[in-house]
Amino acid sequence: MKITDAYVNITSPGRNFVTLKIVTDEGIYGLGDGTLNGRELAVAAYLTEHVIPCLIGRDPFQTEDIWQYLYRGAYWRRGPVTMSAIAAVDVALWDIKGKALQTPIYNLLGGRSRESVMVYCHAFGKDVGAALEDVAKHKEMGYRAIRVQSGVPGLKSTYGVGKVAGHYEPAERGLPTEYEWETEAYLRSVPPLFSKMRETFGEELHLLHDCHHRLTPIEAARLGKELEPFHLFWIEDPTPAELQEGFRLIRQHTTTPLAVGEVFNSLWDAHELIRNQWIDYVRATVVHAGGLTHLKKLADFAALYHVKTGCHGATDLSPVSMAAALHFGLAVHNFGIQEHMPHSEETDAVFPHQYSYQDGYMHPGDKPGLGVDLDEKLAAHYEYQRAYLPVNRKQDGTLTDW
Ligand code: GCO
Ligand code: MG
């Protein structure tokens, strides 16, 4: 089998998505997601200008060699743009392989290690009362694991809390929105939020929380310690992770489990974190960390150190990525949990898919390959619209991490 053509599709059914389609001489094609929120066109250009010309004529079964060719062969390694582009190629090739062999991708990754994968959803509210209501609603929908975010008294906006109830999409069209941040107010607000959650919902429900890179290690250590009585499943991205050693300090002070890595591009971003057992869950995803070929290596490395997967799954990861994540989650032994932020109806219509949700669990479906398609006619109705993630400033105007 040979690759005869490949092209990038850019569509915006409510939000932007970049999809790579690779076509073969046997008529089988594969899809890969290359969406990088707020920087979509950089990946699209990387693919069109620099990657696609090197793919034509290659054997799509050579996922390892093609991965190495694009990674080592570029000389310039890693980074979100490069690794998302490599991921788009890699996943499209696994899709082709699955279709050609007439088997779902999970069978090519080791087969089923479980019946289905536990997912967590997002609940939020402008205050504790509203967050409680939203958690109750999601519990009713069968979710066994719920991430909870609430507004911070004194701040006009914060990460994870939508302007309207029930809908949160951080990227906005137009230029970046500016958010406001005050660490002390935030640190005071989180323990009472989770105290109320446990008081209301008991111990069985898994509760998660995303700090979204906003704390220093010692602040994160304080938060983790104060949350210990409420037995969280994890706190996520407590501090920016460029300095992997920062996690040593957090770890020395708290038994609250730590998750990190939605912005990681490769195993090297998590190497020290895993090797030193400073984290419990690694959140690197198929799309931003080089595809299934690389993420499988990362997961296998993490398994040696009791670190489980907890892959990113926000709406900026297209249904193509969601399907890949579910095949991966069904297969890898050290799967922990998968994030599930359902897409809009428009997005689901553009990407018809086999995966399904039931009672807090998801399954990728048993169709050969990924089990996702791209309706190119429908996609053409939704033209790309420039959009950005917000930026964040402290109350004195200093730019800080969003
Ligand atoms: C999450 C993430 C997202 C990111 C978003 C950025 O845990 O789901 O933090 O909400 O902010 O994916 O593109
Ligand atoms: Mg997050």
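Worth saying up front: this structure is predicted, and the values here are computed from it rather than measured. (Residues numbered from 1 in each chain as written. Chains lettered and ligands numbered in written order. Predicted model: local features only at pLDDT ≥ 70, side-chain atom pairs only at ≥ 80, totals over all residues. Heavy atoms only, no water.)

Caption draft 1: Local environment of the overall build of the protein chain. When its secondary structure is counted, the protein chain shows 13 helices and 18 strands. Over its C-alpha trace the protein chain gives a radius of gyration of 20 Å, about what one expects of a compact globule, namely 21 Å for 402 residues. Once the C-alpha set of the protein chain is aligned to its principal axes, its extents read approximately 60 × 45 × 45 Å. Counting over 402 residues, the protein chain shows a buried share of 58%. Taking contacts inside the protein chain between residues at least 6 apart in sequence as the whole, the part at least 24 apart equals 73%. As presented, the protein chain carries roughly 16,500 Å² of accessible surface, and 51% of it is formed by carbon and sulfur atoms. (Helix = DSSP H or I, 4+ residues; strand = E, 2+ residues; numbered from the N terminus. Rg over C-alpha atoms; globule rule 2.2 N^0.38 Å. Buried < 20%, exposed > 50% of the residue type's maximum accessible area, 1.4 Å probe, protein only. Contact = heavy atoms within 4.5 Å. Areas by Shrake-Rupley, 256 points an atom, 1.4 Å probe, with all protein chains shown as cover.)

Caption draft 2: Region of interest: the domain arrangement of the protein chain. In terms of domain boundaries, the protein chain breaks down into domain 1 (3-104) and domain 2 (108-367). Domain 1 and domain 2 are separated by 26 Å when their C-alpha centres are compared. Between domain 1 and domain 2, the contact holds 34 residues from the first and 36 residues from the second. Across the domain 1 to domain 2 interface the summed buried area is about 2,600 Å²; carbon plus sulfur atoms make up 60%. Three residues stand out in domain 1 for area buried against domain 2, namely Asp33, Trp94 and Pro104, and they jointly supply 22% of the buried area on that side. Run the count over domain 1 and domain 2 and you get three salt bridges. We note a salt bridge from Arg15 to Glu169, for which the minimum N-O separation is 3.1 Å. Our enumeration of links across domain 1 and domain 2 arrives at 14 residue pairs in polar contact (both at pLDDT 80 or more). (Domains from an automatic or database assignment. Buried area = accessible area lost by both parts, 1.4 Å probe. Salt bridge = Lys/Arg side-chain N within 4 Å of Asp/Glu carboxyl O. Polar contact = N/O pair within 3.5 Å; in protein donor to acceptor, adjacent residues only side chain to side chain.)

Caption draft 3: Inspection of the site of ligand 1 at higher detail. Near ligand 1 there are 15 residues, and of these Tyr159, His212, Glu262, Asp316 and Glu339 occur at the shortest range. Within the contact set of ligand 1, an oxygen atom lies 2.9 Å away from a side-chain nitrogen or oxygen of Glu236. In isolation ligand 1 exposes 340 Å². Once the protein is present, 95% of that is buried. Its residues assigned to classes, the shell around ligand 1 shows four nonpolar, four polar and seven charged. (Near = heavy atom within 4 Å. Nonpolar A, V, L, I, M, F, W, Y, C, P; charged D, E, K, R; others polar.)

Caption draft 4: Summary view of the pattern of salt bridges. By the definition in use, this model includes 24 salt bridges. Between Glu226 and Arg222 there is a salt bridge; the shortest N-O distance is 3.5 Å. Here Glu226 and its partner Arg222 are both found in helix α7 (residues 217-227), four residues apart, which amounts to about one turn of the helix. The partly exposed category is assigned to Glu226, whose relative accessible area is 36%. Ionic contacts of the salt-bridge type, sharing partners, join the residues Glu184, Arg188, Arg222 and Glu226 into one network.

Caption draft 5: Main features of the coordination of the magnesium ion (ligand 2). Donor atoms from the polypeptide that coordinate the magnesium ion (ligand 2) comprise Asp210 (OD), Glu236 (OE) and Glu262 (OE), at 1.9 to 2.2 Å from the metal. For the magnesium ion (ligand 2), the donor residues sit on a single chain with the sequence spacing D-x25-E-x25-E. On the criterion of sequence distance, the pair formed by Asp210 in strand β8 (residues 206-210) and Glu236 in strand β9 (residues 234-236) is long-range, its members being 26 residues apart. Overall, Asp210 belongs to the buried group, its relative accessible area being 2%. (Donors = N, O, S within 2.8 Å, 3.2 Å for Na, K, Ca; no water.)

Caption draft 6: How the structure looks around the sheet that holds strand β17 (residues 391-394). Ordered by their spatial adjacency, three strands build an open sheet running β7-β17-β18, and the pairing between neighbours is mixed. Looking at strand neighbours, the two that pair on one side only are β7 (178-181) and β18 (399-400), the edges of this open sheet. (Pairing = 2+ DSSP bridges.)

Caption draft 7: Broad picture of unusual backbone geometry. One non-glycine residue, Asp237, adopts positive backbone phi at about 40 degrees. In this fold, Asp237 is placed in the loop between β9 and α8 (246-253). Backbone geometry places His306, a non-glycine residue, at a positive phi of 65 degrees. Tracing the sequence through the fold places His306 in the loop between α10 (291-303) and β12 (308-309). Overall, the relative accessible area of 67% leaves His306 in the exposed class.

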